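Each chain, letter by letter, is given below.
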Amino acid sequence: MTDTLDRRRAAPERPLLPETVPFDFLVVGSGLAGIYAALQAAPHGRCLLLTKATLQVSNSAWAQGGIAAALDAEDNPDLHAGDTFRAGRGLCRPSAVEVLVREGPARVEEMLALGVPFERDPAGRPLLGLEGGHGRRRIVHAGGGATGDAVVRALLPRVAADDRITVWERARVGCLLTDGARCRGALVERGGRWAAVAARGVILATGGACGLYARTTNPGTTTGDGIAMAYRAGAAIADMEFVQFHPTAYALGRPAFLLSEALRGEGAQLWNVAGERFMARYDPAAELAPRDVVARAIHAEMLRTGADHVDLRVDALRPEVLPHFEALFARLRALGFDPNGQPIPVAPAAHFLMGGVMVDLQARTTLDGLFACGEVACTGVHGANRLASNSLLECLVFGHRAAAAAADVGPACGPPPQGEPVPCLEPDALRRVGDWMFADAGIIRDEGGLRRLGERLSTLPETAERTVAAVIAEAALDRRESRGAHFRADFPVEDPNLAVHFVRRRGEPTERQRWT
Ligand SMILES: Cc1cc2nc3c(=O)[nH]c(=O)nc-3n(C[C@H](O)[C@H](O)[C@H](O)COP(=O)(O)OP(=O)(O)OC[C@H]3O[C@@H](n4cnc5c(N)ncnc54)[C@H](O)[C@@H]3O)c2cc1C
């Protein structure tokens, strides 16, 4: 009864037969993966690109540091792959990493050709930055620490100029439409009315789920909707226990404003409130250790000193790199900090979901007609822990592949498709979920906390957010070891027998798979 009432409150009434709008392709989500996939799909047919927010709000538009690609003469795709594997702790899918690092440079060159204003050296070549976990300078960046915004801004006019692409803003997909065998479209709520969008290829690009955490670097729109709808429609999802916490988010705000990895790449240092530079005690690479190591070290130092933050000191940066961080510094100054004189209080925050809707190398999900790219997808490139700046690259490489694969799909001719939309959680309930997730499925997990989280979530109405939070909790409970971003206080070491992916389908037992 409560469930029914909550659903009515949260979702507008849906008519039995909503208006059906036909397109060739439906791209759900207007972050980098969605925008780029739509541009690539458009030559093959009419494309609807939609977002539940506006085009300016997405993780992509908030991305700061840059895009990784082996462009330098001293670098090559094998070195990039090596760094990616090291961060992924034995769980990266080798074939997907190969695709990422080999196609990556061409995709970045394409961005240059499309006019993305990457910062350049005096000879006109892109300036390459260094970030934690990378053994070479390979990060292209733009906008003084506002790379995502610069890329999105450069691509959006191309979307607007392409009359094969229709854009709907503030249009929320409530569920996928399937005919039992194949995905055929989606139900979309727009301005309080529902429409059925029919498409021969549906590309999910809805981003990750870290907006479900109280302390997060993500916009509040990043609530795992695409994962929930694909899971409900019968598609397999994988690696959901792997949530990356960014080590250095501004400690005093929500969403937690990110202090890019690139700052540490250029010499910024971490100090605890007792005045100790501590990272060398945790890892020989000190501030340049992989994200999970730095995040746990900061967490430990916060517990040890009883403080709610550690300090990021940027006064060690060389003067010539300061212009690369102009957008960041402007934001800090607006918060009352003089970045050159004052340490910045930072603490870890939920940042990136390595798991998601399982796809093959062509971005095909296990449900015919449904493709996924960007953070919503689990290609396997990140394994147990993403290497910095590999995700915008993944959006481009697999967005390209998703569009190509969708273009190959013929028209559908099965029985009429069906779907039942799920509502969103009320803001108060969502805030509670955020606190529960941060406490019990956060940087350090254990069986007691994860069971408590599962019980708490079971008291909530059936929504997309609850589905995704519950799957993260279950997956974290199943993985009885520590690996990459997933750390279990009760199983603190890596178990060589668990170098496998946990794959889940709704209503079926979890499968363990090895990916090649
Ligand atoms: C602060 C910050 C800094 C980062 N910096 C970097 C970096 O420097 N380099 C890097 O590689 N990565 C970085 N990342 C990670 C990277 O930005 C993301 O992984 C990537 O942008 C994801 O892109 P996406 O297109 O998959 O999804 P997003 O950009 O998250 O876009 C998702 C889209 O889906 C829409 N959507 C969601 N649900 C629905 C629904 N139900 N109906 C309709 N639309 C829906 C959203 O409105 C949005 O338009 C950063 C992330 C953050 C938060």
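Residues numbered from 1 in each chain as written. Predicted model: local features only at pLDDT ≥ 70, side-chain atom pairs only at ≥ 80, totals over all residues. Heavy atoms only, no water.

K.L.:
Would you explain the packing of aromatic side chains in this entry?
P.N.:
Pairs of aromatic rings are described using the distance from one ring centre to the other and the angle between the two planes. Applying the stated criterion to the full structure yields six aromatic pairs. With a centroid separation of 5.5 Å and 90° between ring planes, the pair formed by tyrosine 213 and phenylalanine 245 is classed as edge-to-face. Taken together, the positions of tyrosine 213 in the loop between strand 10 (201-204) and helix 7 (225-232) and phenylalanine 245 in strand 12 (residues 243-250) put the pair 32 residues apart, joining distant regions of the chain. The same class applies to tyrosine 213 and to phenylalanine 245, which are both buried. When the ring of phenylalanine 245 is compared with that of phenylalanine 438, the centres are 6.0 Å apart and the planes differ by 70°; the resulting orientation is edge-to-face. Of this pair, phenylalanine 245 sits in strand 12 while phenylalanine 438 is found in helix 12 (residues 427-440), placing the two residues 193 residues apart along the sequence. Put simply, the rings of Tyr213, Phe245 and Phe438 pair up and form one aromatic cluster. A cation over a ring is seen here: arginine 93 above tryptophan 515, with NZ or CZ 5.1 Å from the ring centre. Above the plane of the ring of tryptophan 271 lies arginine 313, whose end atom (NZ or CZ) is 3.9 Å from the centre. (Phe/Tyr/Trp six-rings, centres within 6.5 Å; stacked < 30°, edge-to-face > 60°. Helix = DSSP H or I, 4+ residues; strand = E, 2+ residues; numbered from the N terminus. Buried < 20%, exposed > 50% of the residue type's maximum accessible area, 1.4 Å probe, protein only. Lys NZ or Arg CZ within 6 Å of the ring centre and 35° of its normal.)

K.L.:
What is the right way to look at empty space enclosed by the protein in this model?
P.N.:
Over the atoms, a rolling probe the size of a water molecule traces out where space has been left empty. Taken as a whole, this structure holds two cavities of 30 Å³ or more when the rule is applied. Considered as a void within the structure, the largest cavity measures approximately 50 Å³ in volume. Taken together, Val243, Gln244, Phe245, Asp292, Ala295, Arg296, Ile443 and Ala485 make up the lining of the largest cavity. Of all the secondary structure elements, the ones that give two or more residues to the lining of the largest cavity are strand 12 and helix 9 (291-305). A breakdown of the residues in the lining of the largest cavity according to their chemical character gives five nonpolar, one polar and two charged. Put simply, the second largest cavity is a space of about 40 Å³. (1 Å grid on protein atoms, 1.4 Å probe; cavity = no way out; pocket = protein on both sides within 12 Å on 5 of 7 lines; lining within 4 Å. Points joined across faces, edges and corners; volume = space filled by probe spheres on them. Nonpolar A, V, L, I, M, F, W, Y, C, P; charged D, E, K, R; others polar.)

K.L.:
Got a minute to help me understand the environment of leucine 453 in this structure?
P.N.:
When you line up the elements, leucine 453 lands in helix 13 (residues 447-457). You can call leucine 453 buried: its relative accessible area is 0%. Separated by 257 residues in the primary sequence, leucine 453 and alanine 196 place their C-alpha atoms 35 Å from one another. Those residues in contact with leucine 453 that sit more than four places away from it in its chain are Trp436, Met437, Asp440, Ala441 and Ala473. (Contact = heavy atoms within 4.5 Å.)

K.L.:
In this structure, what is going on with the site of the ligand? I would like to understand it.
P.N.:
For the ligand, the set of nearby residues contains 40 residues, the closest of which are Ser60, Gly65, Gly66, Glu375 and Ser391. A distance of 3.0 Å separates an oxygen atom of the ligand from a polar backbone atom of alanine 33. Interatomic distance of 2.6 Å between a side-chain N/O atom of serine 60 and an oxygen atom of the ligand. When the free accessible area of the ligand is taken as 1000 Å², the share hidden by the protein chains comes to 98%. For the shell around the ligand, the secondary-structure elements that each account for two or more residues are helix 2 (32-41), helix 3 (59-62), strand 7 (171-178), helix 7, strand 15 (344-353) and helix 11 (390-407). The element that contributes the greatest number of residues to the shell around the ligand is helix 11, accounting for four residues. The class makeup of the residues in the shell around the ligand is 16 nonpolar, 19 polar and five charged. (Near = heavy atom within 4 Å. Polar contact = N/O pair within 3.5 Å; in protein donor to acceptor, adjacent residues only side chain to side chain. Areas by Shrake-Rupley, 256 points an atom, 1.4 Å probe, with all protein chains shown as cover.)

K.L.:
Where do I start with the nonpolar core in this structure?
P.N.:
Looking at soluble globular proteins, one finds that nonpolar side chains tend to be buried together. In this structure, Leu26, Leu50, Leu204, Met240 and Val357 are the most contacted members of the largest nonpolar core, which totals 63 residues. Among the elements that line this core, the one with the most residues is helix 14 (residues 464-478), at nine residues. Aside from chain neighbours lying at most four places away, what touches leucine 26 is Leu48, Leu50, Gly185, Ala186, Val197, Ala199, Gly201, Val202 and Ile203. The next biggest cluster of nonpolar side chains, apart from the first, holds 58 residues, and it includes Phe25, Ala37, Cys92 and Leu112. (Core = buried A, V, L, I, M, F, W, Y, C linked by side-chain atoms within 4.5 Å.)

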